[in-house]
Amino acid sequence: MEATLHVWKEGGIMQWESTQPSIEITCFAPTILTPMTGRIRVNDGKKTLKLESMRMLFLRPGDSVTLVRDGAELPAVCRICFESYRLAQHDDDAIMYRNDRSGLPASGWITNKLPYRATVLVNELVRLQANPSGHTAKAERHHHLFKELMQLVLHYETTPELDWEPSIHRAITYIDENYRSPITRSELARLAGFHTSYFSTMFAKKLGWGYSEYLNRVRIDRAKEHLLASTMTINEIALEVGYSNGEYLSRKFKQLTGMSPGEFRSRPAPKKIAAFQFAGALLALGVTPVATDAELVRGSLLLQEELRDVPIIKGAYDDEQLGKLKPDLILAPTYFYHTPGRMKQLEKIAPVLALEWAKLDPLAEMQLIGKLIGRESEAQRWLTKYQAQVDEARQSLRALIDRGETAAVYEWRSDGIFIWDKTARGAFNLYEALGIRPPETVRRDVLVPGKHLWITEDRLPDYMADHMFVIDARDDQSDEGEHVLASMHGKGRVYRLSLNEFWSSGGMALERQLRIQTNCLIAGESE
């Protein structure tokens with residue numbers, strides 16, 4: 001008697017038309033994708049995986065992905081939907097199986113290159129399904145072939161693609177958005193579609209710590225913000241961040257930071273701050289970081305002069321180098337949590353403030369950081385200065401704004417195009433500061449939900465504007481693909497921007513981006 005059964009539901013070959021660059025699918029059951037010919041890229045809106053023949057990708061119910069042709073050859077992709085069952089009862093009266101997906105891998109797992117036998121099995125399974133005969137013998141053959149295929153897929157040196165696991169990302173997002181409420185492991189496991197114990201294993205494997213520790217860290221990070229930026233009591237902060245009382249918050253706070261909430265709150269305003277994001281905000285507040293990393297410097301070309309003499313720490317991991325600088329505080333983005341060990345390394349050196357990057361609009365972010373480091377008056381002065389620059393720019397662009405012309409920010413990548421919400425890539429300057437209208441589709445699909453949008457090139461015409469700011473972030477910025485820009489020029493004016501000037505849009509960087517964007521629009525008006 002088999003303890004686990006995998007039952008084929010449906011399957012077949014998805015064929016591309018010659019004019020069709022992509023296909024969008026949503027999974028309603030556990031699903032396997034494999035190209036029989038050609039290559040594809042699979043994108044869930046955040047990450048992209050490349051898939052070629054004799055490798056198979058696993059997806060879970062609820063996953064929505066876009067399949068994009070990768071190369072000139074038209075791909076033939078096999079999609080297999082199935083269900084899994086586990087033996088629940090076996091006695092003289094009955095044999096009962098219950099639906100159980102806990103033994104299946106996480107979304108985004110890809111097998112290593114499978115033996116040729118796997119291709120033979122897929123072809124035969126599709127052929128048998130396409131030519132049903134009703135014969136019991138053929139149905140049994142189909143069952144045995146699928147059983148053999150699943151043995152290969154699930155046990156042939158599978159390799160987890162840890163950069164892309166939509167199920168785990170959903171759990172992380174749920175924690176980040178609902179940390180104020182009670183959250184249980186079983187609740188998160190159901191959300192991710194895993195058995196509770198399997199979910200715990202996968203979560204720890206992805207982030208380097210368990211779900212409970214991650215949840216506590218999110219809550220403590222938000223508690224730190226309240227401690228420094230408000231006059232709330234410890235008990236009020238506890239209730240605000242999801243703990244039952246101040247005593248429990250104090251115990252967890254001490255456990256993770258080595259100090260009590262009161263001790264953290266009473267520390268003097270920091271003078272030596274290491275910044276692994278938010279450098280533009282610090283500079284606008286009159287603070288030059290004592291250390292940063294190469295990624296931030298590379299993406300902050302507009303701050304090159306101010307950061308010229310700031311020591312660069314190797315990937316935020318060099319304990320010795322950073323320790324010698326003796327920072328009072330480390331500013332880090334919360335996405336550091338997604339790299340196992342990084343935050344723990346920093347916490348050994350100095351207190352860490354982990355802030356959500358590109359979640360607040362730049363002005364709210366500036367006010368928050370000003371409060372956190374004791375520079376509220378400097379933050380207010382900067383806001384007044386920035387508003388004066390905005391007023392001057394609006395006056396220069398009055399005719400364009402009054403005509404109701406539209407604008408948007410696009411990032412052209414190798415796997416498609418991102419359209420940015422107002423929290424990133426200088427988009428705040430266009431929509432909120434200057435008051436330029438977005439195209440209706442951008443307003444509806446990006447600004448209203450407050451989320452960046454990934455689209456394939458064939459969908460770009462639906463989102464074009466009168467004024468299009470294009471950041472070329474392709475891996476290979478060759479002339480290949482210039483037809484995309486040509487199509488945009490046919491619709492409106494196109495202004496090419498540098499990713500290294502617009503990667504970060506905080507404080508001083510936002511000011512300088514406003515100047516660049518305004519000059520682009522003025523030049524466009526004079527053409």
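Remember, it's a predicted structure, so these values are computed and weren't measured experimentally.

Criteria and cut-off values
Residues numbered from 1 in each chain as written. Predicted model: local features only at pLDDT ≥ 70, side-chain atom pairs only at ≥ 80, totals over all residues. Heavy atoms only, no water. Phe/Tyr/Trp six-rings, centres within 6.5 Å; stacked < 30°, edge-to-face > 60°. Helix = DSSP H or I, 4+ residues; strand = E, 2+ residues; numbered from the N terminus. Buried < 20%, exposed > 50% of the residue type's maximum accessible area, 1.4 Å probe, protein only. Lys NZ or Arg CZ within 6 Å of the ring centre and 35° of its normal. Core = buried A, V, L, I, M, F, W, Y, C linked by side-chain atoms within 4.5 Å. Contact = heavy atoms within 4.5 Å. Axes fitted to C-alpha atoms, helices over the stretch in contact; angles between N-to-C directions. Parallel < 35°, antiparallel > 145°, perpendicular 65-115°, else oblique. Left-handed = near helix turned anticlockwise from the far one by under 90°. Arc of directions from axis to C-beta. Pairing = 2+ DSSP bridges. pLDDT = per-residue confidence, 0-100. Nonpolar A, V, L, I, M, F, W, Y, C, P; charged D, E, K, R; others polar.

A.B. asks: Is there a simple way to think about the packing of aromatic side chains in this case?
C.D. replies: The relation between two aromatic rings is expressed through the spacing of the ring centres and the mutual angle of the planes. For the coordinates displayed, the defined rule picks out 16 aromatic pairs. For the pair Phe253 and Phe264, a centre-to-centre distance of 5.6 Å together with 65 degrees between the ring planes defines the contact as edge-to-face. Pair noted here: Phe253 is in helix 8 (residues 246-257) and Phe264 is in helix 9 (residues 261-265), with a separation of 11 residues, a long-range link. Phe264 gets classed as buried once you look at its relative accessible area, which sits at 2%. Arranged with centres 4.9 Å apart and planes meeting at 35 degrees, the rings of Phe469 and Tyr495 form a pair that is tilted. Residue Phe469 is located in strand 20 (residues 467-472), and its partner Tyr495 is located in strand 21 (residues 493-497); the two are separated by 26 residues in the primary sequence. The exposure classification of Phe469 matches that of Tyr495, with both residues buried. An aromatic cluster is defined as three or more aromatic residues linked by ring pairs; in this entry it consists of Phe276, Tyr335, Phe336, Trp357 and Trp503. Over the ring of Trp420 we find Arg425; its NZ or CZ atom is 4.3 Å from the centre of that ring.

A.B. asks: I keep staring at the nonpolar core and nothing clicks. Help me out?
C.D. replies: The nonpolar side chains of soluble globular proteins are, as a tendency, buried together. Counting residues in hydrophobic clusters, the biggest one holds 117 residues, and the most contacted among them are Phe199, Phe203, Tyr214, Ile373, Tyr410, Leu430 and Met488. No other element matches helix 6 (residues 211-229), which puts seven residues into this core. Residue contacts for Leu430: discarding those within four places in its chain leaves Ala407, Ala408, Val409, Gly435, Ile436, Phe469, Gln517 and Leu521. Formed by 23 residues, the second largest nonpolar core is a distinct cluster that contains Val122, Leu145, Phe146 and Leu149.

A.B. asks: So what exactly am I meant to see when it comes to the packing of helix 6 against helix 7 (residues 234-241) here?
C.D. replies: Two numbers describe a pair of packed helices, the interaxial angle and the distance between the axes. One way to put it is that helix 6 packs onto helix 7 with a least axis distance of 9 Å and a crossing angle of 140 degrees. Of the possible angle classes, the one that applies to helix 6 and helix 7 is oblique. Read as a crossing pair, helix 6 and helix 7 show a hand that is right-handed. Residues Arg219, Arg222, Ala223, His226 and Leu227 of helix 6 form the contact with helix 7, whose own contacting residues are Ile234, Ile237, Glu240 and Val241.

A.B. asks: Honestly, helix 7 in this entry has me stumped. Any pointers?
C.D. replies: Inspection of helix 7 places Ile237, Ala238 and Val241 among the buried residues, and these make up the whole buried set. Buried positions in helix 7, seen along its axis, are confined to an arc of 105 degrees and lie on one side of it. In this structure, the buried side of helix 7 is in contact with helix 6, helix 8 and helix 9. Taken from the residues just after helix 7, Gly242 is the one with a positive phi, measuring 105 degrees.

A.B. asks: How should I be thinking about the sheet that holds strand 15 (residues 329-333) in this particular structure?
C.D. replies: Backbone hydrogen bonds hold the strands of a sheet together, and the pairing may be parallel or antiparallel. Across the sheet, which stays open at both edges, the three strands sit in the order 12-15-16 with parallel pairing between neighbours. Strand pairing shows two members of the sheet lacking a second neighbour, strand 12 (273-275) and strand 16 (352-355), which therefore form its edges. Mean inter-strand twist for the sheet, computed between neighbouring axes without regard to direction, equals 20 degrees. Relative to strand 15, strand 12 runs parallel, the two sharing three bridges. What sits directly across from Ile273, in strand 15, is Leu329.

A.B. asks: Please clarify how the confidence of the model for the protein should be interpreted in this entry.
C.D. replies: Close inspection of predicted coordinates is inappropriate in any region flagged by low pLDDT. Of the residues in the protein, 92% reach a pLDDT of 70 or more, and the chain-wide mean stands at 87. Per-element averaging of pLDDT across the protein places strand 11 (residues 158-159) at the bottom with 40 and helix 16 (residues 376-396) at the top with 97. Counting interchain partners and residues more than four positions distant, the pLDDT-below-50 stretch residues 157-164 has 31 contacts.

A.B. asks: Mind showing me how you'd approach the packing of helix 6 against helix 8 here?
C.D. replies: The interhelical angle for the contact between helix 6 and helix 8, taken along N-to-C directions, is 100 degrees, at an axis separation of 10 Å. Relative to helix 8, the element helix 6 is oriented roughly perpendicular. Of the residues in helix 8, those touching helix 6 at Asn216, Arg217, Ile220, Ala223, Lys224 and Leu227 are Leu249, Lys252, Phe253, Leu256 and Thr257. Residues of the contact of helix 6 with helix 8, tallied by class, amount to six nonpolar, two polar and three charged.

A.B. asks: Would you explain the sheet that holds strand 18 (residues 416-419) in this entry?
C.D. replies: Spatially, five strands are ordered 19-18-17-20-21 in an open sheet, and the strand pairing comes out mixed. The sheet is open, and its two borders are formed by strand 19 (453-455) and strand 21, each paired with just one other strand. Strand-to-strand twist across the sheet, computed as the mean angle between neighbouring axes with direction ignored, equals 30 degrees. Strand direction decides the pairing type here: strand 17 (residues 407-413) and strand 20, joined by six bridges, are parallel. Paired with Ala408 across the two strands is Met468, which belongs to strand 20.

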